[in-house]
Number of protein chains: 2
Amino acid sequence: MAASEKEIAAHRGAEWRINLPDGSSEIFTPEKGLVRRVVFGIKCLVFGLVWKILNFLKKAWDLAIDDPKKVIHCLKVGMALTVVSLFYYMRPLYEGVGRNAMWAVMTVVVVFESTVGAMIYKSLNRVTGTFLAGALALGIHWIASQAGEKFEPIIMGASILLLASATTFSRFIPSVKARFDYGALIFILTFSLVSVSGYRVEKLLPMAYHRLLTIIIGTSCCMLISMVVCPVWAGEKLNLLTAQNLGRLANSLQACVALYFDDDNDNVAIDIKDLQDYKSVLNSKATEDSMANFARWEPAHGRFNFQHPWRQYHKIGASIRHCACCIEALNTCISSENQAPEVLRKQLSNICFRVSSSCSSVTKELVMSLMTMKKSTKMDFSIEELRSSVKDLQKELKSLPQSLVSQPDTSKVQQSAENEKKQRISTARTVVSLVEIIPLASFASLLIEVSVRIEGIVHAVDELAKLADFKPAENEMIRQIQPTQK
Amino acid sequence: MAASEKEIAAHRGAEWRINLPDGSSEIFTPEKGLVRRVVFGIKCLVFGLVWKILNFLKKAWDLAIDDPKKVIHCLKVGMALTVVSLFYYMRPLYEGVGRNAMWAVMTVVVVFESTVGAMIYKSLNRVTGTFLAGALALGIHWIASQAGEKFEPIIMGASILLLASATTFSRFIPSVKARFDYGALIFILTFSLVSVSGYRVEKLLPMAYHRLLTIIIGTSCCMLISMVVCPVWAGEKLNLLTAQNLGRLANSLQACVALYFDDDNDNVAIDIKDLQDYKSVLNSKATEDSMANFARWEPAHGRFNFQHPWRQYHKIGASIRHCACCIEALNTCISSENQAPEVLRKQLSNICFRVSSSCSSVTKELVMSLMTMKKSTKMDFSIEELRSSVKDLQKELKSLPQSLVSQPDTSKVQQSAENEKKQRISTARTVVSLVEIIPLASFASLLIEVSVRIEGIVHAVDELAKLADFKPAENEMIRQIQPTQK
């Protein structure tokens, strides 16, 4: 690909000066080189196009490999459309509903979304919006027809202006936008179409009936295919996303602590990608909101009931992002110019590692609790462990200045039996200024804050467990299901 | 409203036991009270409905008062629909395009978005998608008709399955999703409709021509109304949102620093709402992304050229959120259990206030630069001021432990001339433990980090200034335009 880019660049450069075979070069006047330039231009265009298309196909292929569910969704859309179109080719059905059969096709195209919840939301909104608007438009049409031919267009025009404006405005109200945005759009659409076509077409009632019927046919076809063939549930996706975000949080935290205390850069196991995991957590709000909106429309599936408390996932998500924000601040400690000296960091490294690993064991329990929809039996233990490690870190932090003052003597005693490197460290200890503690102290305070926020997540998940009535897990089972965290 | 709720509750409680006028009470059996219960039920329903409707209307009214532009948008939609419908009532035009005129109405309903950019995006996508799909469908239809009546449905079905699947998949590719999502949907829709109806309707070409014509009529009508009547530009909105977010950042920072050093809670001027301003900054990514997407489609307007570097706003937005994250961490220092003693905080309060006010004067310059699209002449000065204040804070932080050790003597000298309160403070100074510095040191480190991140924002805005070729501002002018920050 890169080669073809160079080629294009070379062609562009050659437009104005051409080296002839005898070694001389010639500068073209626009008229002289016009044909060649057109040829070059076309070549460039073709090369560029081919390159772009290949690049696009590569991207598409990567996407398909990365998430085969998307490919399945596409095939499902194709299938639904083909089924509805074939309906159309069958003469008996076609004779029944006439030209309105195209509404079934239209419904399938517009309504078929990637999750079941989004599809049910759109389907119900479409059917209800069409029905309400159709009924209202017929009513107003009847009133207008009573008013005489002169007033009819005025009444119809005024009603369209009024209703379209009011309905458009209702779409700005958050509660309407979340649940009935599409329905409002369809309401305006149907109302306008019926009131406009009503002026011309005599048989309005059968037309309205056929339109509603075809929309219901299209909707049912979509629902059937979407729920039967590899269904993708918004609720399940939301639950998984929440669990994944928790996993990412733990990964980021562990990588961050490991990198902070890794002075020799010898720890090749630290994955820089893990370190940046919190970023996608911070940007997950929009996806989470839409998933939670759609999940409300879904029937009971898998481990989720119809009235599963999806709103609580907003709270869990918010507390996860709250924690990710703190990890973000922790992350900048790594790249900060002012760093505490190695000797100080060595002293806190063990306890910091303990805090980070107890944080991650708490999040592991949370992930498991979410994935199995059971109360974790080990959670209390993990939290106690986290709290005690945080207390120890606080103690260690408090004793840091004292230990620095008192240590020179003890280290001198140790010197005799120890090697040169350690000697250097103990010498360094005596010269550590108290100010140098500050970067390390900030890091430790942020780490403590992270642990506090993780307890906030625990609290939010506990509330979910209460609302959704999680059963206590049996220990045996938990060990078997051990989900992967990423 | 609350009263009617109570009434409902009272009604519900009364369903099972009724106090008779003579003082006795009677327990109803279901059969006996059935009529009354139905009446009560209906009453409850009516009260509930009325209450809900009133509540809804109040919300809508508040929204309209809060943002009159939304009301104007709604009236514009109504206007566009009425204009298109009136077209329909004119016999000459109706005779020309026949029943296809309904596509003009449909186009207006679906395409009319609140910003000009979104509307141009949808309009161009709709026209292009319809044209491409129509041409392709006609071609395939011709091929199929050559293959004989038996193979025709098979070829048509297969082409729908293939093209619908492929186009649906392309909508998952981020670059396509950002620019051509709606066009892809319309492509599938038109292709399916033409290939299905083509099997029945003989005169395909004039129909296709009429459909395209009506869509263009609808689109032009939308564009005209949207751009002439109080236009709302996505680009302008994005620019304003970015400036507002900067203002919110400065508000939050100032409120946070003020609250941290406000021990006596006497500073009534601190607005708790200001303190929480950073939260809406953190959640603004989705709005920003869609605005930047739509702004690309807009023609030159106001101070923005056609090729204005809208992508750079992503970077500015990201750096603003990066800073907001740090302010979030700073905010938790206020509510933390461990607080540095007053005497310590007093020592740093002045310099911290200086840092926060220089941060906010830098953001003020940035806001002005964004709003006027000119390079600020005072920016270099403001940044120098910020840097020097940060250096002073670092110095003060370093001297903190020493000053605590050395101060008891000097404070004793001062005692003689000072009042009792100060005496207490100076006594306290001698007993301050070094560990107690840590919360304050963390706060100061975070404040320094905030200033570093604000420099990051300055860098991003500078890049924008280079890309969009901002002219240097004249000092006189800047003073006149002074925008409000909120």
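Parameters at a glance
Residues numbered from 1 in each chain as written. Chains lettered and ligands numbered in written order. Predicted model: local features only at pLDDT ≥ 70, side-chain atom pairs only at ≥ 80, totals over all residues. Heavy atoms only, no water. Helix = DSSP H or I, 4+ residues; strand = E, 2+ residues; numbered from the N terminus. Buried < 20%, exposed > 50% of the residue type's maximum accessible area, 1.4 Å probe, protein only. Contact = heavy atoms within 4.5 Å. Areas by Shrake-Rupley, 256 points an atom, 1.4 Å probe, with all protein chains shown as cover. Core = buried A, V, L, I, M, F, W, Y, C linked by side-chain atoms within 4.5 Å. UniProt positions renumbered as here; feature names shortened; annotations may be inferred. Least-squares fit on C-alpha atoms with pLDDT ≥ 70 in both. Salt bridge = Lys/Arg side-chain N within 4 Å of Asp/Glu carboxyl O. Polar contact = N/O pair within 3.5 Å; in protein donor to acceptor, adjacent residues only side chain to side chain. Nonpolar A, V, L, I, M, F, W, Y, C, P; charged D, E, K, R; others polar. Phe/Tyr/Trp six-rings, centres within 6.5 Å; stacked < 30°, edge-to-face > 60°. Lys NZ or Arg CZ within 6 Å of the ring centre and 35° of its normal. pLDDT = per-residue confidence, 0-100. Axes fitted to C-alpha atoms, helices over the stretch in contact; angles between N-to-C directions. Parallel < 35°, antiparallel > 145°, perpendicular 65-115°, else oblique. Expected span 1.5 Å × (residues − 1). Disulfide = S-S within 2.5 Å.

## Describing the overall build of chain A
The helix and strand tally for chain A stands at 19 helices and 4 strands. When burial is assessed residue by residue, chain A has 48% of its 486 residues classed as buried. Sequence separation of 24 or more characterises 80% of the internal contacts of chain A that already satisfy a separation of 6 or more. Put simply, chain A shows about 24400 Å² of open surface, and 62% of that area lies on carbon and sulfur atoms.

## Some points on the nonpolar core
With 218 residues, the main nonpolar core has Leu348 and Leu393 of chain A together with Leu348 and Leu393 of chain B as its most contacted residues. Once residues lying within four places of it in the same chain are set aside, the contact partners of Leu348 of chain B are Phe261, Leu393, Glu396, Leu397, Leu400, Leu440 and Ala444 of chain B.

## Concerning the UniProt feature "transmembrane region" (unreviewed entry) in chain A
As annotated by UniProt and renumbered to match this structure, "transmembrane region" (unreviewed entry) occupies residues 71-89, 101-121, 128-148, 154-173, 180-200 and 212-234 of chain A. Annotated as 76% helix and 0% strand, the span residues 101-121 of chain A places its first and last C-alpha atoms 22 Å apart.

## A word on the relation of the copies chain A and chain B
When chain A is fitted to chain B, the best match, at an RMSD of 0.1 Å, comes from turning it 180° and sliding it 0.0 Å along the axis. Taken together, these values place the two copies in the relation of a two-fold axis. Of every C-alpha in chain A, the one belonging to Ser442 of chain A sits nearest the axis of rotation, 2.3 Å from it. Taken as a fraction of all interface residues of chain A, those also at the interface in chain B reach 100%, which identifies the copy contact as same-surface.

## Concerning the interface of chain A and chain B
Between chain A and chain B, the contact holds 72 residues from the first and 73 residues from the second. The interface formed by chain A and chain B includes 2 salt bridges. Glu328 of chain B is the partner of Arg453 of chain A in a salt bridge, and the nearest nitrogen-oxygen pair spans 2.8 Å. Run the count over chain A and chain B and you get 10 residue pairs in polar contact (both at pLDDT 80 or more). With 13 residues, the single largest contributor to the side of chain A that touches chain B is helix H3 (residues 68-89) of chain A. Looking at the side of chain A that touches chain B residue by residue, the class counts come to 42 nonpolar, 19 polar and 11 charged.

## Some thoughts on the pattern of salt bridges
Going through the model one piece at a time under the given rule, you end up with 30 salt bridges over all chains. Note that Glu455 of chain A is salt-bridged to Arg387 of chain A, the shortest N-O span being 2.8 Å. Of this pair, Glu455 of chain A sits in helix H18 (residues 437-467) while Arg387 of chain A sits in helix H16 (residues 379-415), and the two are 68 residues apart along the sequence. Residue Lys378 of chain B pairs with Glu365 of chain B through a salt bridge whose shortest N-O separation is 3.8 Å. One end of the pair, Lys378 of chain B, is in the loop between strand E3 (374-375) and helix H16 (379-415); the other, Glu365 of chain B, is in helix H15 (residues 342-372), with 13 residues separating them in the sequence. Overlapping salt bridges, with partners in common, bring together Arg354, Glu385, Asp392 and Lys395 of chain A in one network.

## Considering the packing of aromatic side chains
Residue and element names in this part refer to chain A. Evaluated as defined, the whole model comprises 20 aromatic pairs over all chains. Ring plane angle 85° and centroid distance 5.1 Å describe the contact between Tyr260 and Phe261, whose orientation is recorded as edge-to-face. Exposure remark for Phe261: the relative accessible area of 10% places this residue in the buried category. Clustering of aromatic rings is evident, with ring pairs tying together Tyr260, Phe261, Phe353 and Phe443. Lying over the aromatic face of Tyr182, Lys122 brings its terminal NZ or CZ to 4.8 Å of the ring centre. One cation-aromatic arrangement involves Arg345 over Tyr260; the distance from NZ or CZ to the ring centre is 5.5 Å.

## Some thoughts on the confidence of the model for chain A
All names here are of chain A. With 79% of its residues at a pLDDT of 70 or more, chain A shows a mean pLDDT of 80. The model gives residues 405-430 a pLDDT under 50, and that stretch makes 9 contacts with residues more than four places away or in other chains. Low pLDDT (under 50) marks residues 476-486, which in the prediction has 17 contacts with non-local residues, meaning those over four places away or in another chain.

## Things to note about the environment of Asn100 of chain A
Along the chain, the position of Asn100 of chain A falls in the loop between helix H4 (91-97) and helix H5 (102-111). Linking Asn100 of chain A and Asp271 of chain A, residues 171 residues apart in sequence, is a C-alpha distance of 58 Å.

## Here's the deal with the side chain of Thr82 of chain B
Secondary-structure assignment places Thr82 of chain B in helix H3 (residues 68-89). With relative accessibility at 14%, the residue Thr82 of chain B sits in the buried group. A distance of 2.5 Å separates a polar atom in the side chain of Thr82 of chain B from the backbone oxygen of Gly78 of chain B. Filtering out sequence-adjacent residues up to four positions away, Thr82 of chain B remains in contact with Gly157, Ile160 and Leu161 of chain A.

## Observations regarding the packing of H18 of chain A against helix H18 (residues 437-467) of chain B
Contact geometry of H18 of chain A with H18 of chain B gives a least axis separation of 9 Å together with a crossing angle of 90°. One way to sum up the angle between H18 of chain A and H18 of chain B is to call them roughly perpendicular. Of the residues in H18 of chain B, those in contact with Ile438, Ala441, Ser442 and Ser445 of chain A of H18 of chain A are Ile438, Ala441, Ser442 and Ser445 of chain B. A per-class count over the contact of H18 of chain A with H18 of chain B returns 4 nonpolar, 4 polar and no charged.

## Describing helix H10 (residues 234-260) of chain B
The end-to-end C-alpha separation of H10 of chain B is 38 Å, in line with the 39 Å expected for 27 residues at 1.5 Å each. Counted residue by residue, H10 of chain B has 21 buried out of 27 residues, so it is predominantly covered.

## Re H18 of chain A
All names here are of chain A. Spanning 31 residues, H18 covers 45 Å between terminal C-alpha atoms, matching the ideal 45 Å at 1.5 Å per step. The element H18 is extensively covered by neighbouring structure, given that 22 of its 31 residues are classed as buried. Asp469 sits one or two residues past H18 and shows a positive phi near 55°.

## Some details on the state of the cysteines
Should the sulfur atoms of two cysteines be covalently bonded, the bond is a disulfide. Enumeration according to the criterion identifies 1 disulfide over all chains in this entry. A disulfide bridge connects Cys325 of chain A with Cys325 of chain B, and the sulfur atoms are separated by 2.4 Å. Taking the sign of the S-S torsion, -120° for the link of Cys325 of chain A and Cys325 of chain B, the bridge is left-handed. Within this pair, whereas Cys325 of chain A is found in helix H14 (residues 311-335), its partner Cys325 of chain B is found in helix H14 (residues 311-335), the two belonging to separate chains. A single burial state applies to Cys325 of chain A and to Cys325 of chain B, both of which are buried.

## Remarks on the packing of H14 of chain A against H18 of chain B
Contact geometry of H14 of chain A with H18 of chain B gives a least axis separation of 12 Å together with a crossing angle of 85°. One element, H14 of chain A, and the other, H18 of chain B, form an angle in the roughly perpendicular class. Contacts between H14 of chain A and H18 of chain B involve Glu328, Ala329 and Thr332 of chain A from the first element and Leu446, Glu449 and Arg453 of chain B from the second. Considered class by class, the residues forming the contact of H14 of chain A with H18 of chain B number 2 nonpolar, 1 polar and 3 charged.

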